[in-house]
Amino acid sequence: MLGQLADIRGRWAALYVSFIFGGVAATLSAVSFEYWQYLMCKFVLGFGCGGIGVASFVLSTEPLGAKWRAVLGIATQYWWAAGICLMSGVASILTEWRVFSAFVVISTLAYCGASAPLLKESPRWLLISGNPEKAREVLTSMAKENRQDIPEDGLPPLKQPASTKTVSIGSLFPYPALRRRLFAMSFIFVANSMVYYGLSLNVGSLGGSIYLNSFLSGLVEMPSYAFAQFSVEFFGRKRTLIFLNAMAGTGCLLSAFVTGKAQTAVALIGRFGIAASFNMIFLYTTELFPTVVRSAALGTCSLVARIGGIAAPQVLSWRMILKAQQNRHPQRVLLASSCVLGSVLSIMMTTTTTTKKMKRSCLDKSHCAISYHIFTLPLVFRCQQNTFKMRIINKQKSSL
């Protein structure tokens, strides 16, 4: 819903509406005294947090040119990792959960008050929504802040795109390439979410302090983002995604068969891979879909990712349910399997995106064209064979 709101009313509006939902829900959860009250507040809080992630990422990456999109798009997640490290330290000091919740609310209010006057609406969205003059004003303001030379008569008028109508997520389904991308990326989001939050929630079962383990898990994400920034530029989005999912799966699988410090080490390797993968799929998704439906597509993928987040604690509870033997962790094998499936799906379903111009409309030729993959190859070969036979028959008839 908030992703669709970002496509209709703008990225800025969707971002701060999400902050309002999250802030109000966090405040009410801090003062709730019944389980169902707390559950409903957390439900609304998750709704708001999902909107914050989608709107903020799209708002951050849309003004960027192709040269800096990958590097700076991934760099936005350094703040996510820094937040994990910071909150681990705060939680070790504010051990009472109501006090901790109040700290989160106060921090959110302070951020909104400081950032709202500074953030500008996405000029790309303003242009595609039929407001080129406002987009020009935003670009002029950005150029001045970046100390760029501006002509005396201002920036030249922006070219209005042919299609300026914002569409819903359902508009993707008539296009085979876009439809396949949406289904593929949705599953990859689910797998990444389940593994990422599964490893996050599993820090309590590792040796040592839970606060220190949480801090280290956030700290290890920073070099993983640096690796992703390098890899997407030199090896492409698709190859990087395959490799990172394979690394995460390997770390999850090995952690099921070792103990002690070795288990912590391989778990951090898995965290390295899944953190970088979960980061770059946001960039990948924004490049796979046109502007008019970009936030809705990313919002849909983020929505289904919550299925993986919901499944993560249930998967981790399997050890108690199945009464598995010591050092046997079927839940980690399942997490590793989901990473492997994500890698396989990346090979078969998604296309490699390099630093190209981001598409604006669903009517782009690359979206309308039929793209073949492993499931359609037999049909393609059969059609080519029939075409070849018909050519031979026509030649024989013409010779007679």
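Quick caveat, the model's predicted, so the values are computed rather than measured.

1. Remarks on the overall build of the protein chain
Then comes step 1: Looking only at helices and strands, one finds 18 helices and zero strands in the protein chain.
Then comes step 2: Put simply, the protein chain has 400 residues, and 43% of those count as buried.
Then comes step 3: Expressed as a percentage of contacts within the protein chain between residues at least 6 apart in sequence, the contacts between residues at least 24 apart total 79%.
Then comes step 4: When the accessible surface of the protein chain is totalled, it reaches about 21,200 Å², and 68% of it is carbon and sulfur.

2. Quick look at the packing of helix α4 (residues 66-75) against helix α11 (residues 221-234)
Then comes step 1: Contact pair α4 / α11: the axes reach a minimum separation of 9 Å and the direction vectors enclose 160 degrees. On the basis of their axis angle, the class for α4 and α11 is roughly antiparallel. Classified by chirality, the crossing of α11 by α4 is right-handed. In this structure, α4 uses Lys-67, Ala-70, Val-71, Ile-74 and Ala-75 to contact α11, whose residues at the interface are Tyr-225, Ala-228, Gln-229, Val-232 and Glu-233.
Then comes step 2: Among the residues forming the contact of α4 with α11, the class breakdown is seven nonpolar, one polar and two charged.

3. Some words on the nonpolar core
Then comes step 1: Judged by nonpolar contacts, the single largest core of 55 residues is most densely connected at Met-185, Phe-189 and Ile-281.
Then comes step 2: Non-local contacts of Ile-281, meaning those with residues more than four positions away in its chain, are made with Met-185, Ile-188, Phe-189, Asn-192 and Leu-241.
Then comes step 3: Counting nine residues, the second largest nonpolar core, distinct from the first, contains Ala-6, Ile-52, Leu-59 and Cys-112.

4. Quick notes on the packing of α11 against helix α13 (residues 260-288)
Then comes step 1: Put simply, α11 and α13 touch, their axes get as near as 8 Å, and they point 55 degrees apart. What the angle tells us is that α11 and α13 run oblique. Of the two possible hands of crossing, α11 and α13 adopt the one that is right-handed. Contacts between α11 and α13 involve Glu-221, Pro-223, Ser-224, Tyr-225, Phe-227, Ala-228 and Val-232 from the first element and Arg-271, Phe-272, Ala-275, Ala-276, Asn-279 and Met-280 from the second.
Then comes step 2: When its residues are assigned to classes, the contact of α11 with α13 shows nine nonpolar, two polar and two charged.

5. Some details on the pattern of salt bridges
Then comes step 1: Enumeration over the complete set of coordinates arrives at six salt bridges.
Then comes step 2: Lys-120 is the salt-bridge partner of Glu-145, the closest N and O atoms lying 3.8 Å from each other. Here Lys-120 lies in the loop between α6 (97-115) and α7 (123-128) and Glu-145 lies in helix α8 (residues 132-145), a separation of 25 residues in the sequence.
Then comes step 3: On the accessibility criterion, Glu-145 (56% relative accessible area) is exposed.
Then comes step 4: Judged by its relative accessible area of 31%, Lys-120 falls in the partly exposed class.
Then comes step 5: The salt bridge involving Glu-221 is made with Arg-271; its shortest N-O contact spans 2.6 Å.

6. Comments concerning helix α5 (residues 78-93)
Then comes step 1: Between its first and last C-alpha, α5 extends 23 Å over 16 residues, near the 22 Å set by a 1.5 Å rise per residue.
Then comes step 2: Buried within α5 are the following residues: Ala-81, Ile-84, Cys-85, Ser-88, Val-90 and Ala-91.
Then comes step 3: For α5, the elements touching its buried residues are α6, α9 (176-201), α10 (210-219), α11 and α13.

7. What to know about the packing of aromatic side chains
Geometry of an aromatic ring pair is reported as the spacing of the ring centres plus the angle between the planes.
Then comes step 1: Applying the stated rule across the entire model yields 19 aromatic pairs.
Then comes step 2: Relative to Phe-272, the ring of Phe-227 has its centre 6.2 Å away and its plane inclined at 55 degrees; by these criteria the two rings are tilted. Here the residue Phe-227 occupies a position in helix α11, and Phe-272 occupies one in helix α13, the gap between them amounting to 45 residues.
Then comes step 3: In this structure Phe-227 comes out as partly exposed when scored by relative accessible area, which is 28%.
Then comes step 4: When its relative accessible area of 18% is taken as the criterion, Phe-272 is described as buried.
Then comes step 5: With a centroid separation of 5.9 Å and an interplanar angle of 40 degrees, the aromatic rings of Phe-278 and Phe-282 are classed as tilted.

8. Considering the environment of Thr-300
Then comes step 1: Relative to the helices and strands, Thr-300 resides in helix α14 (residues 294-316).
Then comes step 2: Sequence-wise, Thr-300 and Phe-189 are 111 residues apart; in three dimensions their C-alpha atoms are separated by 9.9 Å.

9. Considering helix α2 (residues 11-30)
Structural remark: α-helix, 3.6 residues per turn; residues separated by three or four positions point the same way.
Then comes step 1: With 20 residues, α2 should cover 28 Å at 1.5 Å per step; its first-to-last C-alpha distance of 29 Å lies within 8% of that length.
Then comes step 2: Of the positions making up α2, those classed as buried are Arg-11, Ala-14, Leu-15, Tyr-16, Ser-18, Phe-19, Gly-22, Gly-23, Ala-25, Ala-26, Ser-29 and Ala-30.

10. Section: a nonpolar patch on the surface
Then comes step 1: Side chains of Ile-20, Val-24, Leu-28 and Val-31 sit close together on the surface and give an oily, nonpolar patch of about 370 Å² of accessible area.
Then comes step 2: Mapped onto the fold, Val-31 is located in the loop between α2 and α3 (35-61).
Then comes step 3: For Val-31, a relative accessible area of 52% translates into the label exposed.

11. Remarks on the confidence of the model for the protein chain
Then comes step 1: The predicted model of the protein chain has a mean per-residue pLDDT of 77, with 79% of residues at 70 or higher.
Then comes step 2: Within the protein chain, the element-level pLDDT minimum falls on helix α18 (residues 377-399), averaging 45, and the maximum on α5, averaging 90.
Then comes step 3: Predicted confidence for residues 365-390 stays below pLDDT 50, and this span has 24 contacts to residues more than four positions away or in other chains.

About the criteria used
Residues numbered from 1 in each chain as written. Predicted model: local features only at pLDDT ≥ 70, side-chain atom pairs only at ≥ 80, totals over all residues. Heavy atoms only, no water. Helix = DSSP H or I, 4+ residues; strand = E, 2+ residues; numbered from the N terminus. Buried < 20%, exposed > 50% of the residue type's maximum accessible area, 1.4 Å probe, protein only. Contact = heavy atoms within 4.5 Å. Areas by Shrake-Rupley, 256 points an atom, 1.4 Å probe, with all protein chains shown as cover. Axes fitted to C-alpha atoms, helices over the stretch in contact; angles between N-to-C directions. Parallel < 35°, antiparallel > 145°, perpendicular 65-115°, else oblique. Left-handed = near helix turned anticlockwise from the far one by under 90°. Nonpolar A, V, L, I, M, F, W, Y, C, P; charged D, E, K, R; others polar. Core = buried A, V, L, I, M, F, W, Y, C linked by side-chain atoms within 4.5 Å. Salt bridge = Lys/Arg side-chain N within 4 Å of Asp/Glu carboxyl O. Expected span 1.5 Å × (residues − 1). Phe/Tyr/Trp six-rings, centres within 6.5 Å; stacked < 30°, edge-to-face > 60°. Patch = residues over 30% accessible without salt bridge, like charges linked within 9 Å, V, L, I, M, F, W, Y side chains within 5 Å. pLDDT = per-residue confidence, 0-100.

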